[in-house]
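# Breakdown of the fold
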Number of protein chains: 2
Amino acid sequence: MTSTASNPTATAATNYSADRHANFNGLKCKECGTEYEAKAIHVCELCFGPLEVVYDYEAIAEKVSRESIKEGPISIWRYREFLPVATDDYIDTSTGMTPLLKANRLARRLGIKELYIKNDAVNMPTLSFKDRVVSVALSRARELGFSTVSCASTGNLANSTAAIAAHAGLDCCVFIPADLEAGKVLGTLVYAPKVFAVQGNYDQVNRLCSEVANTHGWGFVNINLRPYYSEGSKTLGFEVAEQLGWKLPDHIVAPLASGSLYTKIYKGFQEFVKVGLVDDKPVRFSGAQAEGCSPIAQAFREGRDFIAPVKPKTIAKSIAIGNPADGVYALDIARKTNGNIESVNDAEIVEGMKLLAETEGVFTETAGGTTIAVLKKLVEAGKINPDETTVVYITGNGLKTQEAVQGYIGEPLQIEPKLDSFERAFERSLTLDRLEWQTVSV
Amino acid sequence: MTSTASNPTATAATNYSADRHANFNGLKCKECGTEYEAKAIHVCELCFGPLEVVYDYEAIAEKVSRESIKEGPISIWRYREFLPVATDDYIDTSTGMTPLLKANRLARRLGIKELYIKNDAVNMPTLSFKDRVVSVALSRARELGFSTVSCASTGNLANSTAAIAAHAGLDCCVFIPADLEAGKVLGTLVYAPKVFAVQGNYDQVNRLCSEVANTHGWGFVNINLRPYYSEGSKTLGFEVAEQLGWKLPDHIVAPLASGSLYTKIYKGFQEFVKVGLVDDKPVRFSGAQAEGCSPIAQAFREGRDFIAPVKPKTIAKSIAIGNPADGVYALDIARKTNGNIESVNDAEIVEGMKLLAETEGVFTETAGGTTIAVLKKLVEAGKINPDETTVVYITGNGLKTQEAVQGYIGEPLQIEPKLDSFERAFERSLTLDRLEWQTVSV
C-alpha cells in the first residue's frame, strides 16, 4: 500500500463514464447551486458549501415500485435506484433492513401509544448505522478507482470501514481519537487496517484527515467521498416507511452528531413522496444530543441559526462532534417540522441504556441511551403527543461501550454449585428490590 | 416473582389444547419411542432417553411451499410450520435470516472454490445463534403457562434468554459459570434478570439447574423446555437451503458444544427433503471442537461410540461442555455422512478469529475461531474437497470475547494531530509488515 498507487485523480474521469446506467448525474453545491462531475470532491470551489448528489427523479419513478423494492435483496441495496453507485458491482454485506421493533413495553412505561425502535444496534456487519454509509461510500470508492480507503472516526465508522474494506479487499487506514472505548479500538484492529490514534478530539482528527486526503489521495469516506457516503443514511428513512406499510410516521427522534443522519432521514422520506411510493404528510423531526456536546441543541434552545462549536466532554463519544458539519441543516429541519432538539446528561444517558434493555431487550451504546433519554424527556415535557406514531432511531450496539454501564447494573450473585447455596441466595434476592438485589453478597 | 406463581403443572394440560392448529402432536423418546404429551418434560420416564417433538409432516407438506415461505416474515418465523409453537402469539424479535455470505477471499486463501459463511455473529437481538432457540423456547414457555424463564448458560444463552424475556415481559433467572468473559456477564445484567454466578464449570451449572427446575417449576429453556428449544436450531438448516436457492450444500462445518446445533441442522435439511422443498443429496457433516474440551472429537478419532466426559480448559468457553448431551448423535451423523470431527488449540482459535476478520470482515467469538481453524485444518488435510460447496456456521460475535484477541492484534499507532506526525508514522509503517507495524512506537 503506497500513497501513489491509490491516487484516484487519473481514473476518476474514466470511471465516471460508467455512470450512464445510474440515476444520478453529478454533484451540486447545497448553498450556491454550482454543479460538478460526480468525482471525489465534497466542497464547492466557489462558496465552500457542501456538495450533494443530483438525481433524476423521473428516471427513478419510472424504475421503482413497492413491488420492485420488495423483490430486491434484504439489504439497503433494495433501494439502489436512490443510491449514488453506478454499476451493479456494489458491496453487499447484508447491511440494512434492520428490525423496526414495536416497543409496547417501553411505550407503556413512557405513557405513549405507538412507539417503534428502528434497531441499527444489530446492523450488519459491525452493529451500527455506519455500515449503511460505508457500504455506499466504498462501493463508490471502488468505482472511482480508489484502492486505499480511510476515515476520521469516533469509533463506529472505524469498525465499519475496516470490516467492509476487509471484505472487499481494499487497503484501509483509519484515524480515531486516542481516548476511544476499548471495544471500538479492538473492533477495528481485528480487521488488520492501519489504525492511527490521534492525541486530540474528533474535530482535530477530522481536520488532520482533510490534510491527509489532499496529500495522499486516499478515499476518505466522510471527507472527499462524503456526498456519496451520507446518502447511505437515507435508507434509514426508506426502511421505516416500507416497514410501517408504506407510510410515514408522525414523529421521529434521532441522535445528532454531525447532523448528517438526521437530515438524510428527512431526505429519504421526501424522496419516497417525490416518486410516489408514500403519501405526503407532516413528520415532526426531533433530535438528541449529550449535554457534554450539544452545540445544535444549544443553538435550538437559544433560537440561533448558527452553531457555536464546543469542546466535547461526555460518555457519548460516538456522537461527540463539537463542530457539526450539518448542524445548521438539522436546526432548520427541526424548526420547520415543529420538532425539538434536546440534550441529556451522562447519568440520564446510562438510565436510557438501561431502560431500553429492561423493557425491550435491546442493548444499545451511549448514543442510543442519549436518544432514549431525550425521547423520555420530550414525552414528559408534552413535546411528543401520546397519540403520535413515533419512531426512535437506535444507531449502535452496547457491547462497544461497556464502560458506560459498568458499575450501574449490579453484579451476579455468587453461589456454590449446590441447591442449598442457590436457595439461600434466591430467598435473599426476594427481599430486595430489582436494582438493589444484584449487588448483595450472600 | 415467586416460585409458585410460575409453576406450570396446573396450566400445562389446558394450554396443550391450544395445539389443535399446530403441526406437532406430542413428544417421543429418541431411544425407546415412548410417547408423551407436549408438556415441559425432556427425559423419558422409562429409559431416560431425550424427548423429541413429533410432527405431522403430511400436514406441513400441505401447508408450505417455497412461495409461502418467501412471503413470510424476515425471521425464523417464516418456517413456523416446522416449529413447536401452537399459537400465532410467538415472540418475534427479528431473529434469524442472517446473511449467508459468499466468502471469496477466505476461499481463495484456503484454496477451495465455493465457501459460504452462515453469519449468526449478527443474529438478532443478542448476536448469537442462541436467539433462535430462545425465541422458540420462550414462545412455547408462554403457551405452557410459565411466567418465569431460566437457563444454564456458557454466556450467549444467558444474553439471549435475558433479552428476549425482557422484550416479552417474562421474569428471568440465569445461571452461568463464575469465570465467564466480562462482555457476556455485562451483556446479561443489562437486561436486569437475576443472575447467579456458580463457582464451577458449565456441567456443574447444568446439574444444579436440573435440581432447581424440579423444585421451582420454572421454564428452563435448555432443560425442561429442551425439546422445543433445540428445534430452533433447525432454522440454521432451513435458511442455508433457502439462501442457496433451495438446494443443499455438499459439506457443512459447525461447532460442537452439546452437539444439539449440529444434529438439528441435519434434521432441518432432512425435513426440507421430506416435505419436498429441496431435492435429496448427500451432505457431509463436519464438526469443530476446542482441544481443551473435545470429548466428541476424541471419541471420533478413537472410533468410540460413547463419550468420555472431560474437564474443560479452553478460551472457547461458549462451546466448553465436557459432558455433551447430544454427543453420541453428533458422532453418528459425522460417521454416516462421511464427515469429520476435529479439534484445534487455543492459539489456532485466535488465528481463526483473525483470519475470518481480515479476509471477510466478520468478527466472531472464540467458537467461530474454532470453527474457522477446523475448516482450515480439514482443507489442509484433504478432508474437504476444493470442489465441494461448503458452508461454515459462525455462531457468535467477537465483541463478547474481546479478551481472546487482546494482545494478538497489535495496537494503534499513537500520533499528534499534525500532518508531520502522521507522515512520520506512516512512513515507518510502510517499512514493516502487516502484523508487526501496529506495535511499533513512533
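Everything below is about the structure printed above this text.
One structure accompanies this document, and this report is about it. Along every chain, residues carry numbers that run from 1 in the direction the sequence is written. Each chain gets a letter, beginning with A, and each ligand a number, beginning with 1, in the order they are written. pLDDT decides what is reported in this predicted model: residues at 70 or higher carry local features, side-chain atom pairs at 80 or more are listed and counted, and totals for whole chains, interfaces and linings draw on all residues regardless. Side-chain figures throughout are based on the complete set of non-hydrogen atoms in the structure, without hydrogens or water.

### Overview of the overall build of chain A
The helix and strand labels rest on DSSP assignments: H or I over at least four residues marks a helix, E over at least two residues marks a strand, and numbering proceeds from the N terminus. For chain A, the helix and strand inventory stands at 17 helices and 14 strands. Between the two quantities, the radius of gyration covers C-alpha atoms and the globule rule is 2.2 Å times the number of residues to the power 0.38. Here the C-alpha atoms of chain A give a radius of gyration of 22 Å, agreeing with the 22 Å that 2.2 N^0.38 yields for 442 residues. Seen through its C-alpha atoms, chain A measures out along the principal axes to roughly 75 × 50 × 45 Å. Residues classed as buried in chain A amount to 64% of the 442 residues present. When checking whether two residues touch, look at their non-hydrogen atoms; a contact exists if any pair is within 4.5 Å. For chain A, the share of sequence-separated contacts (at least 6 apart) that also reach a separation of at least 24 residues comes to 71%. Per element, the accessible surface of chain A, about 15,300 Å² overall, is 47% carbon and sulfur. Averaging the positions of the 46 positive and the 54 negative side-chain charges in chain A gives two centres separated by 1 Å. Residue burial is assigned from relative accessible area. The probe radius is 1.4 Å, only protein chains are included, and a residue is buried under 20% of its type maximum, exposed over 50%, and partly exposed in between. Reported accessibility uses the Shrake-Rupley method at a 1.4 Å probe radius. Residues are deemed covered only where the shown protein chains occlude them. Counting rule for charge: Lys and Arg are taken as positive, Asp and Glu as negative, and neither His nor the chain ends is counted. In plain terms, the charge of a residue is placed at NZ if it is Lys, CZ if Arg, CG if Asp and CD if Glu.

### As for the state of the cysteines
Throughout, a disulfide means two cysteine sulfur atoms within 2.5 Å of one another. Counting across every chain of the model gives zero disulfides over all chains. Residue A:Cys44 stays outside any disulfide, its sulfur separated by 3.6 Å from that of A:Cys32, the closest cysteine. Residue classification places A:Cys44 among the buried positions, given a relative accessible area of 1%. Of the cysteine sulfurs around B:Cys173, a residue in no disulfide, the closest is that of B:Cys172, at 6.7 Å.

### Structural notes on the nonpolar core
What we call a nonpolar core is a set of buried Ala, Val, Leu, Ile, Met, Phe, Trp, Tyr and Cys residues that are connected through their side-chain atoms within 4.5 Å. Ranked by size, the top nonpolar core spans 195 residues in total, and within it A:Phe272 and B:Phe272 carry the most contacts. Other than its neighbours up to four places away in sequence, B:Phe272 contacts B:Ile69, B:Tyr79, B:Phe82, B:Phe238, B:Ala241, B:Trp246, B:Leu277 and B:Val278.

### So, the relation of the copies chain B and chain A
Mapping between the two copies of the chain is achieved by a rotation about an axis and a shift along the axis. Aligned on chain A, chain B shows an RMSD of 0.0 Å; the corresponding rotation is 180° and the shift along the axis is 0.0 Å. Taken together, these values place the two copies in the relation of a two-fold axis. When the interface residues of chain B are mapped onto chain A, 100% of them again lie at the interface, so the same face is used by both copies. For the least-squares superposition of copies, only C-alpha atoms count, and only for residues with pLDDT at least 70 in both.

### Overview of the interface of chain B and chain A
Facing 81 residues of chain B, the contacting portion of chain A comprises 81 residues. When two parts are brought into contact, each loses some accessible area as probed by a 1.4 Å sphere; the total of that loss over both is the buried area. Regarding the contact of chain B and chain A, the summed buried area is about 6,800 Å², with carbon and sulfur atoms giving 69% of it. Salt bridges are identified by distance alone: a Lys or Arg side-chain nitrogen within 4 Å of an Asp or Glu carboxyl oxygen. On the surface where chain B and chain A come into contact, there are two salt bridges. Across the pair A:Glu71 and B:Lys70 runs a salt bridge whose closest N-O atoms are separated by 3.7 Å. Under the rule applied, a polar contact is a pair of N or O atoms within 3.5 Å (in protein, one hydrogen donor and one hydrogen acceptor; residues adjacent in sequence only if both atoms are side-chain atoms). The tally of links from chain B across to chain A stands at 18 residue pairs in polar contact (both at pLDDT 80 or more). Of the residues belonging to the side of chain B that touches chain A, the class tally is 46 nonpolar, 20 polar and 15 charged. Strands are treated as partners if at least two bridges between them are detected by DSSP. As defined by bridge partners, strand β14 (residues 413-415) of chain A adjoins strand β8 (residues 194-198) of chain B across three bridges and the pair is classed as parallel. By the bridge assignment for β8(B), A:Leu413 is matched with B:Phe196. Note on residue categories: nonpolar means Ala, Val, Leu, Ile, Met, Phe, Trp, Tyr, Cys or Pro, charged means Asp, Glu, Lys or Arg, and polar means any other residue, Gly included.

### Quick look at unusual backbone geometry
With omega at 0°, the peptide bond leading from A:Met124 into A:Pro125 counts as cis. Despite not being glycine, A:Ala192 shows a phi value in the positive range, around 60°. Residue placement: A:Ala192 occurs in the loop between α7 (182-189) and β8 (194-198). The backbone of B:Ser94 sits at a positive phi, close to 60°, despite the residue not being glycine. Mapped onto the elements of the fold, B:Ser94 is located in the loop between α3 (66-70) and β4 (100-102).

### Describing the sheet that holds strand β12 (residues 341-344) of chain A
Residues and elements named next belong to chain A. What the six strands build is an open sheet, ordered β4-β5-β13-β10-β11-β12; its pairing is mixed. A strand with exactly one partner marks an edge of an open sheet, and here the two such strands are β4 (100-102) and β12. Averaged over all pairs of adjacent strands, the angle between strand axes in this sheet comes to 25°, irrespective of strand direction. Relative to strand β13 (residues 389-394), strand β5 (residues 114-119) is paired through six bridges, and the arrangement is parallel. The residue of β13 that forms the bridge with Ile117 is Val392. Axis definition: a line fitted to C-alpha atoms, over the contacting stretch in the case of helices. Angles run 0 to 180 degrees between N-to-C directions.

### Thoughts on the packing of helix α17 (residues 419-430) of chain A against helix α8 (residues 202-216) of chain B
Interaxial distance between α17(A) and α8(B) falls to 10 Å at its minimum, and their mutual angle equals 55°. The angle between α17(A) and α8(B) places the two elements in the oblique class. Considering how the two elements wind past one another, α17(A) and α8(B) form a crossing that is right-handed. Along the contact surface, α17(A) presents A:Leu419, A:Phe422, A:Glu423 and A:Phe426, while α8(B) presents B:Leu208, B:Glu211, B:Val212, B:Thr215 and B:His216. In these notes the angle categories are as follows: under 35 degrees is roughly parallel, over 145 is roughly antiparallel, 65 to 115 is roughly perpendicular, and the rest is oblique. For any helix crossing, the convention is left-handed if the near helix is rotated counterclockwise from the far helix by under a right angle, and right-handed if that rotation is clockwise.

### Describing the sheet that holds strand β9 (residues 219-220) of chain B
If you walk across this open sheet you meet the five strands as β14(A)-β8(B)-β7(B)-β6(B)-β9(B), and the pairing is parallel. Each edge of the open sheet carries a strand with a single partner, namely β14 of chain A together with β9 of chain B. Examined bridge by bridge, strand β6 (residues 148-152) of chain B and β9(B) share two bridges and lie parallel to one another. Residue B:Ser150 lies in a different strand from β9(B), and its bridge partner there is B:Phe220.

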